[in-house]
Amino acid sequence: QVQLVESGGGLVQAGGSLRLSCAASGLTFSAYTMGWFRQAPGKEREFVAAITVWNGGNTDYVQSVKGRFTISRDNAKNTVYLQMNSLKPEDTAVYYCAASAYIGVRPPKYNYWGQGTQVTVSS
């Protein structure tokens, strides 16, 4: 059974930082593109960042987080991270990690999803 478990969310002031982690089990982690998504209240879920299979692999970001967020992975620990710096109130959302069996940094589908972790940025 595949499980993706996010952690690291919380309440932070604008300008602060958080690091999200997503621990994966039940799948060959190193074979999956990993992504982060977020959903704010009343809005649709949006893509945030993705990283291909290799440690230090190709990455992709939504424009609004470029230069502030960094996605990384540790295949030895079956974990993907999202370092979030210079946080803004508009970054407030539930953040989800997801795993895709498709090759590439922009896969057409993600196969597995975590339960999400809340990030709240106060002004």
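Structure: see above.
Residues numbered from 1 in each chain as written. Predicted model: local features only at pLDDT ≥ 70, side-chain atom pairs only at ≥ 80, totals over all residues. Heavy atoms only, no water.

J.: Any details on the packing of aromatic side chains? Residues and values, ideally.
T.: On inspection of all chains with the given rule, the structure shows five aromatic pairs. Each ring, one from F37 and one from W113, has its centre 4.8 Å from the other, and the planes form 55 degrees; the classification is tilted. Residue F37 is located in strand β4 (residues 33-39), and its partner W113 is located in strand β10 (residues 112-113); the two are separated by 76 residues in the primary sequence. According to the relative accessible area criterion, F37 is buried, its value standing at 10%. Geometrically, the ring pair formed by Y110 and W113 is tilted, given 6.0 Å between the ring centres and 55 degrees between the ring planes. Classification of W113 as partly exposed rests on a relative accessible area of 32%. A connected cluster of aromatic rings, assembled from ring pairs, spans F37, F47, Y110 and W113. Of note, R45 hangs over the ring of F37, and the distance from its end group to the ring centre comes to 6.0 Å. Stacked on the ring of F29, the Lys or Arg R73 has its end atom at 4.5 Å from the ring centre. (Phe/Tyr/Trp six-rings, centres within 6.5 Å; stacked < 30°, edge-to-face > 60°. Helix = DSSP H or I, 4+ residues; strand = E, 2+ residues; numbered from the N terminus. Buried < 20%, exposed > 50% of the residue type's maximum accessible area, 1.4 Å probe, protein only. Lys NZ or Arg CZ within 6 Å of the ring centre and 35° of its normal.)

J.: Provide a residue-level description of the pattern of salt bridges, including the pertinent values.
T.: Inspection of the entire model under this criterion finds four salt bridges. Close ionic contact of E46 with R38 constitutes a salt bridge, the shortest N to O distance being 2.6 Å. Between R106 and D60 there is a salt bridge whose closest N-O contact spans 2.8 Å. With a gap of 46 residues between them, R106 in the loop between β9 (93-100) and β10 and D60 in strand β6 (residues 59-61) connect regions that are remote in the sequence. One salt-bridge network, in which partners are shared between bridges, spans R38, E46, R68 and D91. (Salt bridge = Lys/Arg side-chain N within 4 Å of Asp/Glu carboxyl O.)

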